Amino acid sequence: MTHYLISFDDGAMSHIADEDWPDVGKASHAVVQEAMDAGVWVLGGGIERQTATVVATDGTITDGPDPAVDVAVGGFAVVDVATREEALAWAARIAVACRCAQEVREIMPDADQEAWLRRTRR
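Residues numbered from 1 in each chain as written. Predicted model: local features only at pLDDT ≥ 70, side-chain atom pairs only at ≥ 80, totals over all residues. Heavy atoms only, no water.

Draft legend 1. Structural view of the overall build of the chain. On a plain count of helices and strands, the chain comes out with three helices and six strands. Listed N to C, the secondary structure of the chain is β-α-β-β-β-β-α-β-α in terms of helices and strands. For the C-alpha atoms alone, the extent of the chain along its principal axes is close to 45 × 40 × 25 Å. Relative to its full complement of 122 residues, the chain shows a buried share of 23%. Within the chain, contacts between residues separated by at least 24 positions form 76% of all contacts whose residues are at least 6 apart in sequence. Surface exposure of the chain reaches about 8,300 Å², of which carbon and sulfur atoms provide 55%. Within the chain, one finds 10 positive and 21 negative side-chain charges whose respective centroids are separated by 9 Å. (Helix = DSSP H or I, 4+ residues; strand = E, 2+ residues; numbered from the N terminus. Buried < 20%, exposed > 50% of the residue type's maximum accessible area, 1.4 Å probe, protein only. Contact = heavy atoms within 4.5 Å. Areas by Shrake-Rupley, 256 points an atom, 1.4 Å probe, with all protein chains shown as cover. Lys, Arg positive; Asp, Glu negative; His and termini not counted. Charge placed at Lys NZ, Arg CZ, Asp CG, Glu CD.)

So this is what it looks like as structure tokens:
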């Protein structure tokens, strides 16, 4: 299986009217539950609109991109599926629920990390 990141930009849902948010929340939670029931859900959630904090390799801490002027991630899901086509199908379901387009990217596999996770799950 392969992990895929499904995400949307901060502000992508700004077109949704206040009175529609309960329906969007219900639809979004329903898709998450379906993904959990299907055994493909890894994790996900919305990202608070905030300026990121950047920690450099030397430990220096600075403010990062400002979501008011820069593109930032607004929400994400990670699914574990066999094919890109399956990831795209889940992204389509999420897009309908969230009422905004979704980006899909494959997460690079890491055999060492997978082995560590298997050992810790025993």
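Once the structure has been displayed, the description carries forward.
Draft legend 2. Local environment of helix α1 (residues 21-38). Here α1 contains 18 residues, and its C-alpha end-to-end distance of 26 Å stays within 8% of the 26 Å for a straight helix at 1.5 Å per residue. Residues of α1 that are buried sit in contact with β2 (41-46) and α2 (84-98). Phi for Gly 39, located one or two positions after α1, is positive at around 80°. (Expected span 1.5 Å × (residues − 1).)

Draft legend 3. A look at the packing of α1 against α2. Where α1 meets α2, the closest approach of the two axes is 8 Å, and the angle between their N-to-C directions is 160°. Classed by the angle they form, the pair α1 and α2 counts as roughly antiparallel. Residues Val 24, Ala 27, Ser 28, Val 31, Glu 34, Ala 35 and Ala 38 of α1 form the contact with α2, whose participating residues are Trp 90, Arg 93, Ile 94, Ala 97 and Cys 98. (Axes fitted to C-alpha atoms, helices over the stretch in contact; angles between N-to-C directions. Parallel < 35°, antiparallel > 145°, perpendicular 65-115°, else oblique.)

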